[in-house]
Every structure is written in C-alpha cells, then in structure tokens.
Number of protein chains: 2
Amino acid sequence: MRSPAELSTAFRERGLKVTPQRQLLFRVLHGNMTHPTAEALFATASELMPGISLRTVYQTLNDLAAMGELQVLHFASGSTRFDPNVVDHHHAQCDRCGDLRDVYVQRLDELQVHGFDGFASRRASIVFGGLCPACQSISDNNPT
Amino acid sequence: MRSPAELSTAFRERGLKVTPQRQLLFRVLHGNMTHPTAEALFATASELMPGISLRTVYQTLNDLAAMGELQVLHFASGSTRFDPNVVDHHHAQCDRCGDLRDVYVQRLDELQVHGFDGFASRRASIVFGGLCPACQSISDNNPT
DNA sequence: TGCTAATTCGCACGACTTGCAGATCACGGG
DNA sequence: CCCGTGATCTGCAAGTCGTGCGAATTAGCA
Ligand SMILES: [Mn+2]
Ligand SMILES: [Mn+2]
Ligand SMILES: [Zn+2]
Ligand SMILES: [Zn+2]
C-alpha cells in the first residue's frame, strides 16, 4: 500500500473523496504488519476518531482492495484479514496463537507440480503452519 | 477418508453411532473429488434421503474432520469446503470459474524461506491461482 | 425386548459482511 | 469565498454461513 499522501491523490483521481475517516484509515494501515481484521482496524480507528462507523471501515477497505492497495486474506479463523503489504510474499501462521507473519519465498519455480493437466498457473500462495517462537517455549514447558 | 465400512467401525470405536444419515454421508463423500461445501453435500444427500437436515450434515462433517478423515479448506469464496483426500496435497483454483483441483507438489523442502525468525514450520499449504483449461479457451475467444 | 446415551432436526441465535436511505460533507466551479 | 451536486457517512436492517439448544427419536447393548 502506498503512503497516505499518494493514496489521497489516487482516490481523487478516481473521483473518490478524501474524507477524514479515509485519511485516518490510510494512516492506520500504512506499514501495518499485523494483518488486521476489519474489527481490529475499527477498534484502533475508534480510539483516534470516536464515532467512526464499522461500515465506513469496511467501505474503505473494499475500496483499497479494489485499487490493489490491499491484499485480502482468508484463513481458518472467521474473519477476513487485510494486508497492506502487496509485495509478493507468503505467510506463516502459528497453530496455537494464530500469529501471522510475512515470509519471503525463493525458488518457487523449482517446485515440481503434478496434476495441473492444462491448468495455467499464474501465481501461488503459500501458508506455512507451525509454532511461533513464543508458543514453542510454552509447548516445551507444558507438553500436551 | 477411509471407506464407509471402515468409518462405521471407527465411529463405533469412538462411541459414536452409525446412523443411516451418517452412512449416507460416508458414501457421498468417499472418493468425492469436488471439494464440496456443506450445502452441496446437503443437496446431494437430500436427493437420496429426503428430509435429512443441513444441521446433521454439518454435524457429521465436523465429526469426520475431528477424526482427521476430512480436510477443511477455506478459500476466498464464502463457504468452507471439505476434502476427503487427506493425503498430502495442494490445490489449484481457477480465478474465473472457481474450479478446484488437487495437485501434488515435490521438492517443497528446496524452497528458500526468509522471515521465519524462529517460527517452527511443520507444514505448508499451497494454493495455485490461474485459469483452468475450459476458462483459458473462453479467455482466448473473449479477451478482456 | 428394554434401557440409555447419542443423534436428529428445526429453530433461534451469533459472527461477519453488505444493502439501504437520509443526513452530511468534499470539492470544483462561479 | 460560497454553492451545488454527487460522493460519503452512519445506523440499522438484512443476508450468509455456521453453531447452540432441546424435545423427540434411535442405535447399540444387556
Ligand atoms: Mn502479509
Ligand atoms: Mn484436495
Ligand atoms: Zn504462537
Ligand atoms: Zn475455470
């Protein structure tokens, strides 16, 4: 996702207005590495602008996603997560606490895939499952 | 997922009863390559056993998943899909029609991953995006 | 055959997201 | 700087997907 200033320009170019609510969300999202849900963003935004509505958060997230400024991620846990990091990357999620981190994968092209049968693959998205460092130590102390 | 007969035994061993509804679902799921949703299974099951409830379908799917007989898949499209193929495999999904197919990937261990930072990866799940053969010819005729 | 715990089913409810409409606001033009 | 107009905001209703609940039914066992 681009900077708040660049996004403001991009919105106006599309005939979209740059409202205080949108500017706030631009700032909250920019460089955000937490892969937040709409609810989480709403909570953060509400502290800075009491009264902002959840509906507006969804609206703006959808606009940003449509402009390719956000990646939309779907995991097991109920709700959608939004990722301002649109650089080609993948994710590692902790089985225990759900923590989600970015990982960068090289040599994807060396994978040998059977079963495409004419399927034209354009992109791959990898989710690694395992335990984050914090949950590893917990598991060490309290083995299940 | 094992055969209906084996599942019946496994259910009884766990103190779960083998009802006609469950037996039907065992049969509908066994060898099913469509990655069906609960609704899709309900539709198929309803033809063979009018009156079966969607609630029972969900119940049985959850039981099977808890026993490791089904994989639970979450994609962008709204609802959960269930996969009786529990052999280690991955998926390719058509961007246009949503068709989902199994693919088998080798040399996963040769991937170079940056960003784990102590994350203990135990498993990876890859989703390839692209166009299925049918949708490729449509795109050829009607380029967007 | 009879007991009992498990299951089924329908409905209500919960989580998440979108549709809707009136009040409000951003912003280009005068 | 002010206006007009269309985009936006907000609260609420509604939609979708899945689960909790409880009365009636049933599988499995003695
Ligand atoms: Mn990310
Ligand atoms: Mn599969
Ligand atoms: Zn963790
Ligand atoms: Zn297709």
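Residues numbered from 1 in each chain as written. Chains lettered and ligands numbered in written order. Predicted model: local features only at pLDDT ≥ 70, side-chain atom pairs only at ≥ 80, totals over all residues. Heavy atoms only, no water.

Here we look at the interface of chain A and chain B
Phase 1 of the analysis: Counting residues at the interface gives 40 residues for chain A and 40 residues for chain B.
Phase 2 of the analysis: Interface of chain A and chain B: buried area, both sides summed, is about 3400 Å²; carbon and sulfur atoms make up 54% of it.
Phase 3 of the analysis: Sorting the residues of chain A by area buried against chain B places A:Leu111, A:Gln112 and A:Phe119 first, and these three jointly supply 18% of that buried surface.
Phase 4 of the analysis: The tally of links between chain A and chain B comes to two salt bridges.
Phase 5 of the analysis: Inspection of the chain A/chain B interface yields 18 residue pairs in polar contact (both at pLDDT 80 or more).
Phase 6 of the analysis: Only strand 3 (90-94), strand 4 (100-106), strand 5 (112-114), strand 6 (120-131) and helix 5 (133-141) of chain A provide two or more residues apiece to the side of chain A that touches chain B.
Phase 7 of the analysis: In terms of residue count, strand 6 of chain A provides more of the side of chain A that touches chain B than any other element does, twelve residues in total. (Contact = heavy atoms within 4.5 Å. Buried area = accessible area lost by both parts, 1.4 Å probe. Salt bridge = Lys/Arg side-chain N within 4 Å of Asp/Glu carboxyl O. Polar contact = N/O pair within 3.5 Å; in protein donor to acceptor, adjacent residues only side chain to side chain. Helix = DSSP H or I, 4+ residues; strand = E, 2+ residues; numbered from the N terminus.)

A word on the protein's contact with DNA strand C
Phase 1 of the analysis: Around DNA strand C, the surrounding shell holds 20 residues, and the nearest of these are A:Tyr58, A:Thr80, B:Thr19, B:Arg22 and B:Thr56.
Phase 2 of the analysis: In DNA strand C, atoms within 4 Å of the protein come 72% from sugar and phosphate.
Phase 3 of the analysis: At 3.0 Å from a base oxygen of DNA strand C is found a side-chain nitrogen or oxygen belonging to A:Arg55.
Phase 4 of the analysis: The separation between a phosphate oxygen of DNA strand C and a polar side-chain atom of A:Tyr58 is 2.3 Å. (Near = heavy atom within 4 Å.)

A look at the protein's contact with DNA strand D
Phase 1 of the analysis: Taken together, 20 residues lie around DNA strand D, and A:Lys17, A:Thr19, A:Arg22, A:Thr56 and B:Tyr58 are the ones closest in.
Phase 2 of the analysis: Sugar and phosphate atoms constitute 69% of the interface atoms of DNA strand D, taking the interface as everything within 4 Å of the protein.
Phase 3 of the analysis: In this structure, A:Thr19 approaches DNA strand D through a side-chain N or O atom, which is 2.4 Å from a phosphate oxygen.
Phase 4 of the analysis: For the surface near DNA strand D, the secondary structure elements donating two or more residues are helix 2 (20-29) and helix 4 (54-66) of chain A together with helix 4 (54-66) of chain B.
Phase 5 of the analysis: Counting residues per element, the surface near DNA strand D draws most heavily on helix 4 of chain B, which supplies three residues.

None of the figures reported here should be taken as evidence of function without further support.
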